[in-house]
Amino acid sequence: MNRTLYTLILHLALPFIFLRLLWRAWRAPAYGRRIGERFAVGLPALRPGGIWVHAVSLGESIAAAPLIRELLARYPELPITVTSMTPTGSERIQALFGDQIQHCYLPYDLPWACARFLHRVQPRLALIMETELWPNHIHQCAKRGVPVVLANARLSERSARGYARFAKLTAPMLAELSLIAVQTEAEAERFRQLGARPGCVTVTGSIKFDLSVDAQLQARASQLRSEWGAAQRPLWIAASTHVGEDEIVLASHRQLLAERADALLILVPRHPERFAGVAELCAREGFACVRRSTGEAVAAATQVLVGDTLGELLFLYALADLAFVGGSLVPNGGHNLLEPAALGKPLLSGPHLFNFLEIAALLRGAGDLLEVADAGQLQAALQMLFTDAAQARQRAEAGLGVLRANQGALARLLDGLAPLLTRQ
């Protein structure tokens, strides 16, 4: 399939895309807002001539934050435009940067929408986070002489096989990229085999290791736990959970409560549209539950706190003694393990970590990450770590060591961007 056929199929699919958008808006009303932006209609006022950064969803937005901060500091004269595709990513970016950046949704990958968007933004440089590859957006940038960088790029074997099936579309698209800054050499080779120009592929490492944590975050979390009277309670967090994981997490928590009656769980669903449903599940399962969004204090009888707020995940991690990272008990590929590691939390996850294989291997090899397959294994790991404080501390230190040893990717990426900006 070449780009012309891809574009035709995309146009034919527009009614279904619009219906799916309406369905998502029914489940999560935020999807019903600013729909015009997805077709490059009604875009906000945007200063042209700066740097465009695309971070598709919440995870990429969090990963992009250190990069955006550095771009703001290094190029204060250039407007920074940040696009996303999901309401959670949009809200996170706006909460982090406010008026420091320009923001809108990225229009769908239709040539006319791409052209209208680029005519408005007129970027000097385009930065796409991780592996969000849109053939028409990239081609429209190439036509205008705008260098496109794939930053913090990931490409699993499975994804590479998928792209290889559409070589007539993938190879020309990758050849139009000016720089592909990948996380590992294995991923660099996959990009080369798919058609990327070898001289444009460089291994920089993962900028997720360059995570900076507010020094006051842990102090604020400790203060809140004291206010709750929970300073000595065994407190763990299950973060970024997906459908099918909440039941497993709650089953393991029930088993833990049989051993440690004062145990407290912070349960944080990945997607906002699931907040209410997960709270209802906790109540239906008979747990004494409060929702973070209500502002209600955790009491001695509280067994589960549902983290149903946005932009607070790092703080919720800071509240906990141990951290389970979701999207991993079901075959979703896992989520960012480095945020709780940066806060010195011993790590637990399920076995499905194919989106973070290298990071998981480093953390596992250092002696931090514990992988579990079901509620029984999760409860046993929790009980072991709560009982053996020395081992918990050792694992937390190992995770911090991995983080420190692998930092520097952000600086290497920024060094690669500088020539692309100065050649304009």
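What counts as what
- Residues numbered from 1 in each chain as written.
- Predicted model: local features only at pLDDT ≥ 70, side-chain atom pairs only at ≥ 80, totals over all residues.
- Heavy atoms only, no water.
- Phe/Tyr/Trp six-rings, centres within 6.5 Å; stacked < 30°, edge-to-face > 60°.
- Helix = DSSP H or I, 4+ residues; strand = E, 2+ residues; numbered from the N terminus.
- Buried < 20%, exposed > 50% of the residue type's maximum accessible area, 1.4 Å probe, protein only.
- Expected span 1.5 Å × (residues − 1).
- Contact = heavy atoms within 4.5 Å.
- Pairing = 2+ DSSP bridges.
- Axes fitted to C-alpha atoms, helices over the stretch in contact; angles between N-to-C directions.
- Core = buried A, V, L, I, M, F, W, Y, C linked by side-chain atoms within 4.5 Å.
- Right-handed = clockwise from strand over helix to strand, strands pointing away.
- Parallel < 35°, antiparallel > 145°, perpendicular 65-115°, else oblique.
- Left-handed = near helix turned anticlockwise from the far one by under 90°.
- Nonpolar A, V, L, I, M, F, W, Y, C, P; charged D, E, K, R; others polar.

According to the stated counting rule, one finds two aromatic pairs in the structure shown. Ring geometry for Phe39 versus Tyr108: centroids 5.3 Å apart, planes at 75 degrees, classification edge-to-face. Residue Phe39 is located in the loop between helix H2 (14-27) and strand S1 (51-54), and its partner Tyr108 is located in the loop between strand S3 (102-105) and helix H5 (111-121); the two are separated by 69 residues in the primary sequence. The pair formed by Phe39 and Tyr108 is uniform in burial state, with each residue classed as buried.

The terminal C-alpha atoms of helix H18 (residues 409-422), which comprises 14 residues, lie 21 Å apart, in line with the 20 Å expected from a rise of 1.5 Å per residue. What H18 keeps buried is the set Ala409, Leu410, Leu413, Leu414, Leu417, Leu420 and Leu421. The secondary structure elements touched by the buried residues of H18 are S1, helix H3 (58-74), strand S4 (125-129), strand S5 (148-153) and strand S6 (179-182).

Within the open sheet, the seven strands sit side by side as S3-S2-S1-S4-S5-S6-S7. Their pairing is parallel. Two strands close off the open sheet at either side, each with one partner strand: S3 and strand S7 (201-203). Taken pair by pair, the neighbouring strands of this sheet meet at an average axis angle of 20 degrees, ignoring direction. The pairing of S6 with S7 spans three bridges and is parallel. Bridged to Val182 within S7 is Val203. Sheet strands touched by H3: S1, strand S2 (80-84) and S4. Its angle to S4, the strand with the most contacts, is close to 150 degrees. Docked against the sheet, helix H4 (residues 87-97) engages S2 and S3, running at close to 175 degrees with respect to S3.

Attention shifts here to the nonpolar core. The tendency in soluble globular proteins is for nonpolar side chains to be buried side by side. Counting residues in each nonpolar core, the largest one holds 45 residues, and the members touching the most others are Trp52, Phe117, Leu150, Leu177, Ile180 and Phe191. Looking at which element gives the most residues to this core, the answer is H5, with four residues.

Further remarks concern the pairing of strand S9 (residues 264-269). Buried residues dominate S9, accounting for six of its six residues. The side-chain alternation of S9 yields two buried faces, one formed by Leu264, Ile266 and Val268 and the other by Leu265, Leu267 and Pro269. Once the chain exits strand S8 (residues 235-241) it traverses helix H11 (residues 246-259) before rejoining the sheet at S9, and the crossover so formed is right-handed. Looking at chain direction, S9 and strand S11 (residues 304-306) are connected through three bridges and run parallel. From the neighbouring strand, Ile266 faces S11, where its bridge partner is Leu305.

Let's shift gears to the packing of H11 against helix H16 (residues 375-387). Relative orientation of the contacting elements H11 and H16 amounts to 45 degrees, with a least axis distance of 8 Å. Between H11 and H16, the angle falls in the class oblique. The interaxial crossing formed by H11 with H16 has right-handed handedness. Between H11, through Ile248, Val249, Ala251, Ser252, Gln255, Leu256 and Glu259, and H16, the contact on the second element is made entirely by Ala375, Gly376, Leu378, Gln379, Leu382, Gln383 and Phe386. The residue makeup of the contact of H11 with H16, split by class, is eight nonpolar, five polar and one charged.

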